[in-house]
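Here's the letter readout for the chains.
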Amino acid sequence: MIVLEKIDILSMSLAELESVMVECGEKKFRAKQIFQWLHVKRVFDFDKMTDISAQLRLQLNGKFCIKKLNIQKRLASSIDNTVKYLYRLPDGNFVETVLMKYNYGYSICVSTQVGCKMGCRFCASAIAGFVRNLEPSEILMQIYETEKNSDVKVSGVVLMGIGEPLDNYENVLKFLRLLSDSNGNNFSLRHVSLSTCGIVPKIYALAQLKLGLTLAVSLHCADDKGRSEIMPVNKVYNISELLEACRFYIKNTGRRVTFEYAVIENVNSSDKDADRLAVLLKGINCHVNLIPVNKVRERNYHTARHGVADFAKRLCSRGINATVRRTLGSDIEAACGQLRRDADKQNKDGGADF
């Protein structure tokens, strides 16, 4: 007997859901009712959708599934209000999500892949390897479950967790459209930042959509030789190609680009490095976000105590808008990917759950 796989309803657009409802002999407006149960009321049990018929609820249970995430581990910082979640996906894989509190409200950092292919040397996410892309629903549910568990409403979304968003381009794009749908969350994409290590063709594609989001580009070095050593993607798309794509993004969207730069002692932190970066970015409508390096057990990279602040001063003195990223949750394994890696190892070793 062939068992048909159920459809992931939370990844469906309203238009897709309307088509299915019509195929099922239902009125088109039923799709909007279901869509709002899912994305506005956040009800993930078809039997609790009380304004639709029992017969339709039975059909929904037979045809669709709702991919729920389970909290495997929750770490709350004793230093600030940062909370880090390790979520178990329906297939047993893990992703990480971080909730951060700022003066203006709460921001959430979500993952877009299980693992990462990019292999950046200073990043813990790449060490455990790539498994698969996340579905739109699995990205969305990181927001829904975190808001519910922490009893907050997020006002900013950052695609900067595990994975390279532009390597999962179609699913990320669908997630953004679901997030901003006026019949659902109606979340403004001007409050979304997407971080990429620099997949140039997708930057051009994103620019043409004019979604209004902020593009954050992981640069981390001002010359090709140095960047290729710590970011293998540079061997495919070099700095010149990357900056040309960024200029196109700025021109086409009217939005400035943020360049992420992890200041690593004895790698990219010298005065000459700051000078080269200032020359490289001169004339580009951008902001440089300087990042103290997170400690990763398998790597020996670190940031000197005053290195980031001094680097910022040097850039600013040369006309480049630069700030130092505030360190949040430093006491709860802040390096992205470490919780997932530990959980995977424990599963393979046959250890107990967290």
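That block above? That's the structure.
These numbers come from a predicted model, not from an experiment.

Chemist: What is the right way to look at the packing of aromatic side chains in this model?
Modeler: Any aromatic ring pair is given by two values, namely how distant the centres are and how the planes are angled relative to each other. Per the counting criterion, the structure on display carries five aromatic pairs. A ring pair is formed by phenylalanine 44 and tyrosine 144, whose centres lie 6.1 Å apart and whose planes are at 10°; its orientation type is stacked. Taken as a pair, phenylalanine 44 in the loop between helix H2 (29–39) and helix H3 (54–63) and tyrosine 144 in helix H4 (residues 136–150) lie far apart in primary sequence, 100 residues in all. Taking 5.1 Å as the distance between ring centres and 50° as the angle between the ring planes, the aromatic pair formed by tyrosine 204 and phenylalanine 248 counts as tilted. Note that tyrosine 204 is positioned in helix H6 (residues 200–209) and phenylalanine 248 in helix H8 (residues 239–253), a separation of 44 residues in sequence. One Lys or Arg, lysine 41, reaches over the ring of tryptophan 37 and ends 3.8 Å from the middle of that ring. Sitting above the plane of the phenylalanine 130 ring, lysine 117 keeps its charged end 4.7 Å from the centroid.

Chemist: Just checking my understanding: could you explain the layout of surface pockets for this structure?
Modeler: Once rolled over the atoms, a probe with the size of a water molecule shows which space is left empty. The volume enclosed by the second largest pocket comes to roughly 190 Å³. What lines the second largest pocket is simply Val40, Arg42, Val43, Phe44, Lys68, Leu69, Asn70, Tyr144, Glu145, Glu147, Lys148 and Lys153.

Chemist: Would you mind going over the pairing of strand E12 (residues 257–263) with me for this structure?
Modeler: In summary, the side chains of a regular strand alternate between the two faces of the sheet. E12 sits mainly inside the fold: seven of its seven residues count as buried. As paired strands, strand E11 (residues 214–218) and E12 are joined by three bridges and run parallel to one another. Within E12, the residue paired with alanine 216 across the bridge is threonine 258. Taken together, the seven bridges between E12 and strand E13 (residues 286–292) define a ladder with parallel strand orientation. Its bridge partner being in E13, phenylalanine 259 is matched across the sheet by valine 288. Crossover connection from E12 via helix H9 (residues 271–281) to parallel E13: handedness right-handed.

Chemist: Is there a simple way to explain the side chain of arginine 227 in this structure?
Modeler: Along the chain, arginine 227 falls in helix H7 (residues 224–230). Among the polar contacts listed, one links the side chain of arginine 227 to the side chain of asparagine 234, at a separation of 2.8 Å. The residues touching arginine 227, leaving out its near neighbours within four places in the chain, are Cys197, Ser218, Leu219, Cys221, Val233, Asn234, Tyr237, Ile239 and Leu242.

Chemist: Even after reading the chapter, I still don't get the packing of H4 against helix H5 (residues 169–180), so can you show me in this structure?
Modeler: Working note: a packed helix pair is described by the angle between its axes plus the distance between those axes. Running from N to C, H4 and H5 point in directions that differ by 50°, and their axes come no closer than 8 Å. With respect to H5, the axis of H4 lies oblique. Crossing angle aside, the handedness with which H4 passes H5 is right-handed. Where H4 approaches H5, its residues Pro136, Ile139, Leu140 and Ile143 are matched on the opposing element by Asn171, Val172, Lys174, Phe175, Leu178 and Leu179. Residues belonging to the contact of H4 with H5 are distributed by class as follows: eight nonpolar, one polar and one charged.

Thresholds applied
- Residues numbered from 1 in each chain as written.
- Predicted model: local features only at pLDDT ≥ 70, side-chain atom pairs only at ≥ 80, totals over all residues.
- Heavy atoms only, no water.
- Phe/Tyr/Trp six-rings, centres within 6.5 Å; stacked < 30°, edge-to-face > 60°.
- Helix = DSSP H or I, 4+ residues; strand = E, 2+ residues; numbered from the N terminus.
- Lys NZ or Arg CZ within 6 Å of the ring centre and 35° of its normal.
- 1 Å grid on protein atoms, 1.4 Å probe; cavity = no way out; pocket = protein on both sides within 12 Å on 5 of 7 lines; lining within 4 Å.
- Points joined across faces, edges and corners; volume = space filled by probe spheres on them.
- Buried < 20%, exposed > 50% of the residue type's maximum accessible area, 1.4 Å probe, protein only.
- Pairing = 2+ DSSP bridges.
- Right-handed = clockwise from strand over helix to strand, strands pointing away.
- Polar contact = N/O pair within 3.5 Å; in protein donor to acceptor, adjacent residues only side chain to side chain.
- Contact = heavy atoms within 4.5 Å.
- Axes fitted to C-alpha atoms, helices over the stretch in contact; angles between N-to-C directions.
- Parallel < 35°, antiparallel > 145°, perpendicular 65-115°, else oblique.
- Left-handed = near helix turned anticlockwise from the far one by under 90°.
- Nonpolar A, V, L, I, M, F, W, Y, C, P; charged D, E, K, R; others polar.

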